[in-house]
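As a plain string of letters, each chain reads:
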Amino acid sequence: MPQQQPFRADTVGSFLRPAAIKQARVQFANGEITAEQLRQVEDKEIRHVVEQQRANGLQVVTDGEFRRAWWHFDFFGDLQGVELFEAEQGIQFNGVQTKAHGVKVTGKVAFNPHHPMLDHFRFLKSIAGDAVAKMTIPSPSVLHFRGGRKVIDATVYPDLKEYFADLAQTYKDAIAAFYAAGCRFLQLDDTVWAYLCSSDQQQQIRERGEDPQELARIYAEVLNKALEDKPADLTIGLHVCRGNFRSTWISEGGYEPVAEILFGQVNIDAYFLEYDNERSGGFEPLRFIKPGHQQVVLGLITTKNGELEDPAQVKARLQEASQFVSLNQICLSPQCGFASTEEGNSLTEEQQWQKIRLVVDIANQVW
């Protein structure tokens, strides 16, 4: 097994929140405990989840996103020029809706040098031992896509070209700050590329007056600008997510509509791709993955339910994928996190760890 990231057995990052965290967050929201008392509970549970990741065979660890309510809003809310707000309705998933939150741009967008997630990462690194500490943050395109032009103050950004330039610089600064904090494995989580693969979502994009192909080009450009000064020993992954809330999803459709620009032109080191069901399409789009150092981490193990996959079938799918990209460039992971929001998916903690062990066992056998 190679000793560099991404690992043959990897994860997307979030884990089911333990009861102690859920209880402490409610107590904090009700004013019953202080922020410091909440942090102590989080620290204890993060130490435990790191130990569990190691005990189940992973060489890479995250903090389970235990300090967050959401995979994206918590990060965005601490950027300069960005505000969270109570929306009229939540995000619509397949048959269920999230809590009603939104994000809007009210000033010049910039990275906050005192962003709390820098400290979150420092704590994770301090307890990771000989494992690689991985940080997960939302991708820049997510900040624009969710609300588009209507949530970006037109007096601050009359021309969106300036907004996208600032967005790229914000992420360039974020990457540099996490690197300075000791991060060598940073993952950008991105639902937008999956939306751009969905005919339903493409139609919605057109209805709001935007062109899906043009957005793909802009987002690729923003990512590449953000990655321009990336140090050689920093691995940056991009997780393309189809939506993950209480075991439901949003977008369907294979990667073909974006494959050429996303895999062929964006300078990401590792793509974490969801391939846990028929909605994900075939492996043919992987032909655009650049030969050489670029890796593709196949999410063949679902986090949507606790039913364990058949190892033989997973191995067969890895072989199938290797027709389009070298097996040497392939890794294995669950298709998403187990709790992209604090509510978590519909499986037990024991089933969660069984899934992780399955990933590790298959990876050890295949590579």
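These remarks concern the structure in this document. (Residues numbered from 1 in each chain as written. Predicted model: local features only at pLDDT ≥ 70, side-chain atom pairs only at ≥ 80, totals over all residues. Heavy atoms only, no water.)

Our next topic: unusual backbone geometry. Of note, the amide linkage connecting Gln 5 to Pro 6 takes the cis form, showing an omega dihedral of -10°. Mapping Pro 6 onto the fold places it in the segment before helix 1 (19-29). (Helix = DSSP H or I, 4+ residues; strand = E, 2+ residues; numbered from the N terminus.)

A separate point is the environment of Lys 161. If you trace the backbone, Lys 161 turns up in helix 6 (residues 160-180). Put simply, Lys 161 and Ala 20 are 141 residues apart on the chain and 45 Å apart in space, counted from C-alpha to C-alpha.

A word on the environment of Arg 54. Summarising the element assignment, Arg 54 is placed in helix 2 (residues 35-55). The exposure class assigned to Arg 54 is partly exposed, which follows from its relative accessible area of 29%. Sequence separation between Arg 54 and Glu 65 is 11 residues, and the spatial gap between their C-alpha atoms is 16 Å. (Buried < 20%, exposed > 50% of the residue type's maximum accessible area, 1.4 Å probe, protein only.)

Bringing the side chain of Glu 274 into the picture now. Take Glu 274: it is sitting in strand 8 (residues 270-274). When its relative accessible area of 2% is taken as the criterion, Glu 274 is described as buried.

The six strands lie next to each other as 5-6-7-8-9-10, forming an open sheet whose pairing is parallel. Sheet topology places strand 5 (135-138) and strand 10 (330-334) at the edges, where each strand pairs with a single neighbour. Shown here is a sheet whose adjacent strand axes are inclined to one another by a mean of 25°, direction ignored. Direction of pairing for strand 7 (residues 235-240) relative to strand 8: parallel, over a ladder of four bridges. Its bridge partner lying in strand 8, Gly 237 is registered against Ala 270. Packed on one face of the sheet, helix 11 (residues 311-321) meets strand 9 (295-301) and strand 10 and runs near 150° to strand 9. (Pairing = 2+ DSSP bridges. Axes fitted to C-alpha atoms, helices over the stretch in contact; angles between N-to-C directions. Contact = heavy atoms within 4.5 Å.)

Counted according to the given criterion, the structure contains 12 aromatic pairs. On the basis of an interplanar angle of 65° and a centroid distance of 5.2 Å, the ring pair of Tyr 163 and Phe 164 is categorised as edge-to-face. Residues Tyr 163 and Phe 164 agree in their burial class; the two are buried. Taken together, Tyr 255, Phe 263, Tyr 271, Tyr 275 and Phe 283 form an aromatic cluster joined through their ring pairs. The ring of Tyr 179 has Arg 184 lying over it, and the distance from NZ or CZ to the ring centre is 3.6 Å. (Phe/Tyr/Trp six-rings, centres within 6.5 Å; stacked < 30°, edge-to-face > 60°. Lys NZ or Arg CZ within 6 Å of the ring centre and 35° of its normal.)

With that settled, consider the pattern of salt bridges. Counted by the stated rule, this structure contains 19 salt bridges. Notably, a salt bridge pairs Arg 54 with Asp 130, separated by 2.6 Å at the nearest N-O pair. Of this pair, Arg 54 sits in helix 2 while Asp 130 sits in the loop between helix 4 (116-127) and strand 4 (132-133), and the two are 76 residues apart along the sequence. A salt bridge links Arg 217 to Glu 214; its shortest N-O distance comes to 2.7 Å. Linking Arg 217 with Glu 214, this pair stays in helix 9 (residues 212-227), spanning three residues, or about one helical turn. Three or more residues joined by partner-sharing salt bridges are found here, namely Arg 25, Glu 36, Arg 39, Glu 42, Asp 43 and Arg 67. (Salt bridge = Lys/Arg side-chain N within 4 Å of Asp/Glu carboxyl O.)

Attention shifts here to the nonpolar core. A general tendency of soluble globular proteins is for nonpolar side chains to be buried together. Among the nonpolar cores identified, the biggest contains 107 residues, and Tyr 163, Phe 178, Trp 193, Leu 286 and Leu 298 are the most heavily contacted of them. At 10 residues, helix 6 tops the list of elements feeding residues into this core. Once residues within four sequence positions are removed from consideration, Trp 193 is found in contact with Ser 141, Ala 216, Tyr 219, Ala 220, Leu 223, Leu 238, Val 240, Val 258, Ile 261 and Leu 262. Val 12, Val 132, Phe 185 and Val 297 belong to the second-largest nonpolar core, a separate cluster that totals nine residues. (Core = buried A, V, L, I, M, F, W, Y, C linked by side-chain atoms within 4.5 Å.)

This part is about the packing of helix 6 against helix 9. The geometry of helix 6 relative to helix 9 is characterised by a closest axis approach of 7 Å and an angle of 40° between their N-to-C directions. Crossing angle aside, the handedness with which helix 6 passes helix 9 is right-handed. Residue-level contacts link Phe 164, Leu 167, Ala 168, Tyr 171, Lys 172 and Ile 175 of helix 6 to Ile 218, Tyr 219, Val 222, Lys 225, Ala 226 and Leu 227 of helix 9. Across the contact of helix 6 with helix 9, the residue classes break down as 10 nonpolar, no polar and two charged. (Left-handed = near helix turned anticlockwise from the far one by under 90°. Nonpolar A, V, L, I, M, F, W, Y, C, P; charged D, E, K, R; others polar.)

Looking along a regular strand, one sees side chains alternate from face to face of the sheet. With six of its six residues buried, strand 7 lies for the most part within the structure. Neither face of strand 7 is open: one carries Thr 235, Gly 237 and His 239, the other Ile 236, Leu 238 and Val 240, and all of them are buried. Note that strand 6 (residues 185-190) and strand 7 share six bridges and pair parallel. Each bridged residue has a counterpart across the sheet, and for Leu 186 the counterpart in strand 7 is Ile 236.

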